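Chain by chain, the residues:
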Amino acid sequence: RRKETCSRETCAISLALSDNMTTIFASSSSSSVCLSRSSSSATSKLCLRRSKKWIPLSGEGGRRRTKTLRVWREINEHVTAVVDASFREEEDEEEDEEETEGLGGVVSDAAALEMYLRLESGKQRECVETFVSEEAREKTLSATSVVDVEERRGDEKNGNETITKSMKLREAERAADILRTHGLVFLKSVVPEETCDEILADLNAICDECKETYGDALRRTDVLLGVGDDNGDDSGDGKINGVKKALEFACKEEGGNIRNILSFVEDATEDAVLVELSVLATEKGADRQVLHPDVAYDAPHETLYSVFIALQDVTQDMGPTLFVLNSHDKQTHDQLPKTKWTEKEFDVLRTKRAVEALLKKGDAVLYNARAFHQGGENTSGRRALLTLTFLKPPVPPEPTRRNKECLWSIREDVFRRQITAKDLATGGE
């Protein structure tokens, strides 16, 4: 926690930072404001404390009001936009008058947090001094080389299914070994380019609509996805076609091979359940994230395994995700707490190697969610990632992250189906 001075009123702001949740405690002589948000559940809450009594400011039925936090805007049940802290709407100004009563406004708190995050994440990025070269990444962190891909395609054209199947199993076993050792593995041709284009076309329509509302203040759009038949029961706001095809191809042996890879991972297996499914699209102007894992090391459930699939080429100026290698172990989690970073933690980071997820369209990175990573600063244009997360059963109602109140990033109807990697690879057969 660090203390800062609010720009419009002198008050102490204590900041607790982590991967998907941020909490601010802003205190003055008269009252305090607490803000917290969870990106996974797209919810937020605001409480006003007076005389040590907390008064939740919520809507009817106890549902949390997303707009209170300002930066998280619920568009509909399946779509959430993240905007710059300085963005203002008329109803925001009215709520400020009702809720802050001279505290300096929620926006001043959010802006203070935004500045803190920018400084903290920037210093973390500066301390990462050793990067894996593209050539080394191809040799040590990729399950499939370009030569292997061409060889496999040649076998497929010649109808040599036995050799291709054997090769895919070897690739999967190698990928699992890399994943186990380094905490991540790069995969090629996980989703066909034409399917990426199909998904991206529908996504762009949703993001462009958000852009019309928030303009250059739009920083990110999160869309929860359905997996019904593309022309069937996947109805409702935020519908995106091509998702089912993408998932099945990504998991099957002749496609992305994810089912086989997970089958070689003891704390995943082919029976791992799809617990998160969304598209994350950052816009030009999106800040760098602070380093974080997506799950607590001592979680009472197995670790999560997530996949970022590029729906377009991810270039350096789009802010590719940075991963700290071999950071999915207990020692690193003990060394890098979620708050109170000092020079000691930055010195630890300087000893680590890292790699950036520069991806071609349809390629992916599969990672252990305990691994530390950060999304980069986007100075170019929209960067969209199809995101899947798998968990070995039993599946709890909520994940155990390094922070509280972060739910699964998935539609409720999809979560209830408990779809496994094996189901997706076999089409449910």
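As the structure is a prediction and not an experimental result, all values here were calculated from the model. (Residues numbered from 1 in each chain as written. Predicted model: local features only at pLDDT ≥ 70, side-chain atom pairs only at ≥ 80, totals over all residues. Heavy atoms only, no water.)

Caption draft 1: Spatial organisation of the packing of helix α6 (residues 193-214) against helix α7 (residues 243-251). In the contact formed by α6 and α7, the axes pass within 9 Å of each other and the chain directions differ by 145°. For the pair α6 and α7, the sense of crossing is left-handed. Side by side, α6 and α7 meet where T195, E198 and I199 of the first sit next to V243, K245 and A246 of the second. Here the contact of α6 with α7 is composed, by residue class, of three nonpolar, one polar and two charged. (Axes fitted to C-alpha atoms, helices over the stretch in contact; angles between N-to-C directions. Helix = DSSP H or I, 4+ residues; strand = E, 2+ residues; numbered from the N terminus. Left-handed = near helix turned anticlockwise from the far one by under 90°. Contact = heavy atoms within 4.5 Å. Nonpolar A, V, L, I, M, F, W, Y, C, P; charged D, E, K, R; others polar.)

Caption draft 2: Looking closely at the side chain of H182. Its place among the elements puts H182 in helix α5 (residues 161-182). Residue classification places H182 among the buried positions, given a relative accessible area of 16%. Beyond its immediate sequence surroundings of up to four residues, H182 is in contact with T140, L141, L325, N326, H328 and R353. (Buried < 20%, exposed > 50% of the residue type's maximum accessible area, 1.4 Å probe, protein only.)

Caption draft 3: Region of the structure containing the sheet that holds strand β13 (residues 322-324). Taken together, four strands build an open sheet; the order of strands is β8-β14-β13-β16 and the sheet is mixed. Each edge of the open sheet is held by one strand with a lone partner, namely β8 (130-131) and β16 (373-374). Here β8 pairs with strand β14 (residues 353-356) via two bridges, running parallel. When the bridges of β14 are listed, T130 appears paired with R353. (Pairing = 2+ DSSP bridges.)

Caption draft 4: Representation of the pairing of strand β15 (residues 364-368) within the structure. Across the five residues that make up β15, a large majority, five, are buried. By the alternation rule, side chains of β15 split into A364, L366 and N368 and V365 and Y367, which are all buried. Examined bridge by bridge, strand β9 (residues 184-187) and β15 share four bridges and lie antiparallel to one another. Bridged to F186 within β15 is V365. The sheet contact formed by strand β12 (residues 304-310) and β15 spans five bridges and is antiparallel. Note on β15: the bridge partner recorded for Y305 is N368.

Caption draft 5: Up close: the nonpolar core. One finds L203, L277, L386 and F390 to be the most contacted residues of the largest nonpolar core, which totals 83 residues. If you tally residues by element for this core, the top one is α6, at eight residues. Leaving out residues up to four positions away in the same chain, L203 has contacts with V223, I240, V279, A281, L311 and A384. (Core = buried A, V, L, I, M, F, W, Y, C linked by side-chain atoms within 4.5 Å.)

Caption draft 6: Structural detail: the packing of aromatic side chains. By the definition in use, this model includes five aromatic pairs. Among the aromatic residues, those joined into a ring-pair cluster are F308, F323 and Y367. Positioned over the ring face of F186 is R137, at 3.9 Å from the centre of the ring. (Phe/Tyr/Trp six-rings, centres within 6.5 Å; stacked < 30°, edge-to-face > 60°. Lys NZ or Arg CZ within 6 Å of the ring centre and 35° of its normal.)

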